[in-house]
Structure formats: C-alpha cells, structure tokens
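Chain by chain, the residues run as shown.
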Amino acid sequence: MTQPSPARTPKNDSSKALYGGKGSRRITVRDIAAAKERGEKWPMLTAYDAMTASVFDEAGIPVMLVGDSMGNCHLGYESTVPVTMDEITILSAAVVRGTKRALIVGDLPFGSYQEGPVQALRNATRLVKEAGVGAVKLEGGERSAHQVELLVSAGIPVMAHVGLTPQSVNAFGGYPVQGRGEEAAQQLLRDAKAVQDAGAFAVVLEAVPAELAAEVTRSLHIPTVGIGAGSDCDAQVLVWTDMAGLTSGHVPRFVKKYAQLREVLGDAAKAFAEDVVGGAFPAEEHTFH
Ligand code: KIV
C-alpha cells in the first residue's frame, strides 16, 4: 500500500503534536507556528541543568526556557536582576546537552540588551553559538521592538515577554499584576502587537487579567505563552521549581504544585544521614571486598 504523501497529511495529524507527538528531531519555531494554526495548546517549563532538562525532555515537554528565574531558583540571588550572560550561557549549554527534542530558549538577562539592538545581537549571538539554543527571549514590548527586529533579521528566533517583566522589579516596586484598567490594557495590546510586528515567534504574557490575555491571544497570529494569564493563552509556562514544589517559601498564586519535591528530597537526605549516623549505611551490598 502506498503511503500518503506529506502534502496530503491531514492538518490535525496527532503525530505532529508538540506534546505527545512522535519524532525525535528538535522542535523548531516552524513547529510552534504550525501548532497555533492547529489551535493546539502546549506546555513550557524552565530548566537550568542537564539532568532536570533530560527528565522534562523524556516527559515530552516541547519547549524549555533557560530563564533568568535561575537567579532566584537556582543561583541564590534575590531577583533575576544580578544574573549575567556567563551564567545564562553556561546553564543554557547544559540544558541543550541534556535534551534531544525540546526547543531550548535562552533568556537574555538584565543589562544584556537594554543598550540597543547591537548589544542585543552580540549577546544573543553568543547564546546561539556558545550554548546552542534555538531561540532567545527578552523582556519588553514597544520598548524592545528594535532589538527583536535586528535579532530576527540576523536569523535568531525571538520569544518576547510583556506584562509583568521581572527584570523591572525595581521600577515596578515588586511584582504587581499588569494591564488593569483601560489605558494599561491598551498599552499591553500595543506591546504584544509591536513584538509580533517586529518578528517575534511567540510572546510570554505574565501576570495579566485572563480576559485581557484572551483578547491578546485572539488578536495575534503568534502564540501567547501565559504565566498567571488565565487559560485562554496558546501555551502555559511555569518555573519548574515552583511546579514541582521545590521552591521554599512564597510562590505566586498562579502556580500549581504538581509534586512536593522539597519534602521528598529533605526526607531522603534525613534518611541517608540517619543511616550513616546509626551505621546502617553502607550495608554489605554496597561494600567491595
Ligand atoms: O525567567 C523565567 O523563568 C521567565 C518565565 C517566568 C517566563 O521569564
């Protein structure tokens, strides 16, 4: 029996799904665009090291962000602001090495693109060449459109990020919900349109009212990736340590914890310590003679 030609493959072919689809080649921004056309929702998680990234890759997570949230979640800083290009580059390279299928997006940290498009291009190029990421992310709508335009024209896919942009924590005075009120909502719509027009392949909407995120999602042809932006976005992203219950202390209201890793790891460490102190470890089966 002859196989159907690729041109006749139905549009809703589930083997092409970003999550749950078959195929082991790396996902690209073209696959992301096709998912929006199919109306398919997809998940994204942050990752900061090769081992965790390999777990998510095996679980079928199609897009991973080496986010500057590594500042708070991995490197012990109080915010994302101190994260450097060196740190993002080293950890992005580890995540790329740990994965086979996911599209890896490297975050441009605070201070690496605000000077202008040329600085953005220099640092984005470094992430692509040294770490091997398939795309970069930067914060800002209208204010970052020139940066997006130059990166895209240089062949670097860009994910934008509007709404609550954590690198502006000092200007915001915290992490308030964005886009509330008519004027702020209009600005958010303009920001999202500006990065789409500049060539971004997707845009993160962080901490915005669900109704506004739904309107942005309807009015864009690129996918929206929500975090605290309701259920109508095309994709959803969470910081992995929040999602897995590893983060200590307060986590934002929009986080759902799918595991209690902090307890699991703590219990494992205590059990090991007690075995060592009590002489139960190492046992005969862990011992060479
Ligand atoms: O750095 C990060 O993890 C992010 C996500 C929260 C979108 O920007």
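Residues numbered from 1 in each chain as written. Predicted model: local features only at pLDDT ≥ 70, side-chain atom pairs only at ≥ 80, totals over all residues. Heavy atoms only, no water.

### Let's talk about the overall build of the chain
Item 1. For the chain, the helix and strand inventory stands at eleven helices and eight strands.
Item 2. In terms of C-alpha radius of gyration, the chain reaches 21 Å, essentially the compact-globule figure of 19 Å for 289 residues.
Item 3. Viewed in the frame of its principal axes, the chain has a C-alpha envelope of about 65 × 65 × 35 Å.
Item 4. When burial is assessed residue by residue, the chain has 48% of its 289 residues classed as buried. (Helix = DSSP H or I, 4+ residues; strand = E, 2+ residues; numbered from the N terminus. Rg over C-alpha atoms; globule rule 2.2 N^0.38 Å. Buried < 20%, exposed > 50% of the residue type's maximum accessible area, 1.4 Å probe, protein only.)

### Details of the domain arrangement of the chain
Item 1. Here the chain is partitioned into domain 1 (29-258) and domain 2 (261-289).
Item 2. Placing a centre on the C-alpha atoms of domain 1 and another on those of domain 2 gives a separation of 39 Å. (Domains from an automatic or database assignment.)

### Some remarks on the nonpolar core
Item 1. In terms of nonpolar packing, the biggest core is built from 60 residues, with Leu108, Val136, Leu151 and Leu205 touching the most fellow members.
Item 2. Looking at this core element by element, the count peaks at seven residues for helix α8 (residues 182-198).
Item 3. In this structure leucine 151 touches Leu108, Ala120, Leu121, Ala124, Val136, Leu138, Ile156 and Val158, once residues within four positions along its chain are discounted.
Item 4. Formed by 19 residues, the second largest nonpolar core is a distinct cluster that contains Ala35, Trp42, Met44 and Ala135. (Core = buried A, V, L, I, M, F, W, Y, C linked by side-chain atoms within 4.5 Å. Contact = heavy atoms within 4.5 Å.)

### Re the environment of valine 152
Item 1. Tracing the chain through its elements places valine 152 in helix α6 (residues 145-153).
Item 2. In this structure valine 152 comes out as partly exposed when scored by relative accessible area, which is 30%.
Item 3. Between the C-alpha atom of valine 152 and that of alanine 198, which follows or precedes it by 46 residues, the distance is 7.9 Å.
Item 4. With residues up to four places along the chain from it excluded, the contact list for valine 152 reads Val158, Ala198, Gly199 and Ala200.

### Looking at the site of the ligand
Item 1. In the vicinity of the ligand, the residues found are Thr46, Leu65, Gly67, Asp68, Ser69, Asp107, Lys137, His161, Val204, Ile227 and Val239.
Item 2. Within the contact set of the ligand, an oxygen atom lies 3.3 Å away from a side-chain nitrogen or oxygen of aspartate 107.
Item 3. Contact distances for the ligand include 3.0 Å between an oxygen atom and a side-chain N or O atom of lysine 137.
Item 4. Residues that form the shell around the ligand fall into these classes: four nonpolar, four polar and three charged. (Near = heavy atom within 4 Å. Polar contact = N/O pair within 3.5 Å; in protein donor to acceptor, adjacent residues only side chain to side chain. Nonpolar A, V, L, I, M, F, W, Y, C, P; charged D, E, K, R; others polar.)

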